[in-house]
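In case you want the letters, here they are:
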2 protein chains.
Amino acid sequence: MACRECGLDPMCQVLEYAEPGSGVPSGILLRRQSVKKGEMLFGVGQLFKSVYAVKSGSFKAMVPDLNRQERVVGFYLPGDLIGIEGMANQHYSYSVRALEAGSVCVLDIGRLTESGRSTEALQRALIDMLGREVALYHSQTASLIRQNADQRLAAFILALALRTSLRGLGGDRLYLGMSRSDMASYLGLARETVSRVLTRFQKEGLIQLRNQTLTLLSWDGLQQVAASR
Amino acid sequence: MACRECGLDPMCQVLEYAEPGSGVPSGILLRRQSVKKGEMLFGVGQLFKSVYAVKSGSFKAMVPDLNRQERVVGFYLPGDLIGIEGMANQHYSYSVRALEAGSVCVLDIGRLTESGRSTEALQRALIDMLGREVALYHSQTASLIRQNADQRLAAFILALALRTSLRGLGGDRLYLGMSRSDMASYLGLARETVSRVLTRFQKEGLIQLRNQTLTLLSWDGLQQVAASR
DNA sequence: CGGATCTTTGAGCAGAATCAAGACCTGTGG
DNA sequence: CCACAGGTCTTGATTCTGCTCAAAGATCCG
């Protein structure tokens, strides 16, 4: 499947801009790559080379926490872009690891800019994506600080569901590739708290949870929790 | 003082790229503007028009919090850029208000892109700046969640001191233009907690605090607090 | 000077972390 | 196919950080 046929992610839209004008062989700048569970796309501090678009599977981003273990700073689902912010200082600012087997499209940015043509539209698209990312962080991460455990988890589940449903997959049933510890680290909670809140949500009939599969039972209920509890 | 003489902020570096090649009258695209205390640069949702570089004074960014009052999501000091992420969706995602009297340089991006020439280097610079912003948010905001009140305030003070010292101003004495409530909102704490922690820091000899002026007494001590307490 | 706002300080309480077991999955090898 | 070992997940009891409510003290500004 060609990347520009999927129409899912911003990456493919960039390629629609880049490919026709540049006339570069797609085999070099853009390649499909499959990843095994636990495999790392790149490590923190590594030299920036490529931007990745998730085609299938899921990934987590981590930064090294000083004294402690690593901290999860984001999750990536099919359609998400990985690594754009590495363009700034030529180094990735976090590590990315696959939560399950999957595949990505790899765009070799370095070689693309070396080719020197038709980067105008590509750059415009990159600016848009980066701006969106900044805006997202302003609204999303900043709001995490003020929220309690219930709100954080409800918002987290809703965000996941929204992302998958926007991308075409059925939004009611979610596959959680990450562990409770990952969720806890990302949300700034303790493992035990995540567990407790999820089971309570289940008892309240908001979600159903079996192993790694989460089913949304009450979209509205979760939104109410996320807004005020 | 011409903007590209100050050499302080990323904005001026962009203008060095843009001005020579584009040959546009600098009076139109770039203008100096003074702001009064409390004045708003732009409001949330407003149509994106310009990017601002802080020349003097300080500013705060706010987003409307649903039921409650506004939430502070950032502070800007001389040398900082304001509003870049508005380029993404053509609307500003937050409001910006002056904490004290000051001045900014205004770059009318819309008109610059309309002029249609030499945007290549400018865009490249914008990508760099946006990437830097994303990386900053990943490392900074994400870390706020896991930290306790002491750590948040120590890190906040250190970040302010680092920013002002990097920009040339003496780093030991800081002018805090923002109120305790602003700091509390930004750090996700209660006003009272900010007050308590600051006075404790003072008793411990880490800082000295009089009115709006904060003096760093023990840089190392603060770093120790920020790392683990 | 006086009113309004902001800041400090105190007391009590609630939410979440921590500590500590126990239950459950998962993959492995017999 | 089953049993076992490792990890992950749940659940309980306790502790502690930081919020809330309340009131007094500063500071600012007309």
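A brief structural summary. From a predicted model like this one, the values you see are computed outputs, not experimental measurements.

## Remarks on the protein's contact with DNA strand C
The environment of DNA strand C is made up of 16 residues, and the closest members are Asn148 and Thr193 of chain A together with Arg180, Ser195 and Thr199 of chain B. Breaking the surface near DNA strand C down by element, the ones donating at least two residues are helix 9 (191-203) of chain A together with helix 8 (180-187) and helix 9 (191-203) of chain B. If you tally residues by element for the surface near DNA strand C, the top one is helix 9 of chain B, at 6 residues. For the surface near DNA strand C, a count of residues per class yields 4 nonpolar, 7 polar and 5 charged.

## Notes on the protein's contact with DNA strand D
Surrounding DNA strand D, one finds 17 residues, the nearest of these being Ser195 and Thr199 of chain A together with Asn148, Ala190 and Thr193 of chain B. Per-element accounting of the surface near DNA strand D gives the leading share, 6 residues, to helix 9 of chain A. Considering only residue class, the surface near DNA strand D consists of 4 nonpolar, 7 polar and 6 charged.

## Let's talk about the environment of Met178 of chain A
All names here are of chain A. Tracing the chain through its elements places Met178 in the loop between strand 9 (173-175) and helix 8 (180-187). A tally of 19 C-beta atoms within 10 Å means that Met178 is categorised as partly exposed. Residues Met178 and Phe59 lie 119 residues apart in sequence; the distance between their C-alpha atoms is 8.4 Å. If we ignore the near neighbours within four places in the chain, the residues touching Met178 are Lys60, Phe75, Leu99 and Met183.

## Notes on the pairing of strand 4 (residues 59-64) of chain B
Residues and elements named next belong to chain B. Bridge count between strand 4 and strand 5 (residues 70-76): 6 bridges; the pairing is antiparallel. Across the sheet, Pro64 pairs through a bridge with Glu70, a residue of strand 5. The sheet contact formed by strand 4 and strand 7 (residues 95-98) spans 4 bridges and is antiparallel. For Met62, the partnering residue across the bridge sits in strand 7 and is Ser95.

Conventions and cut-offs
Along each chain, numbering runs from 1 in the same order as the chain's sequence is written. Note on labels: chains are lettered from A, ligands numbered from 1, in written order. Per-residue local features are limited, in this predicted model, to residues with pLDDT of at least 70; the limit for side-chain atom pairs, both in listing and counting, is 80 or more; totals at the level of whole chains, interfaces and linings are taken over all residues. As a rule, any residue with its backbone-derived C-beta atom within 6 Å of a molecule or strand is reported as near that molecule or strand. Working definition: helices are DSSP H or I runs of at least four residues, strands are E runs of at least two. Numbering for both runs from the N terminus. Residues are sorted three ways: Asp, Glu, Lys and Arg are charged, Ala, Val, Leu, Ile, Met, Phe, Trp, Tyr, Cys and Pro are nonpolar, and all the rest, Gly among them, are polar. With C-beta atoms placed from the backbone, a residue counts as buried when 20 or more other C-beta atoms lie within 10 Å of its own, as exposed when 12 or fewer do, and as partly exposed for counts between those limits. Two residues qualify as a contact pair if the distance between their C-beta atoms, derived from the backbone, is within 7 Å. Whether two strands pair depends on DSSP finding at least two bridges between them.

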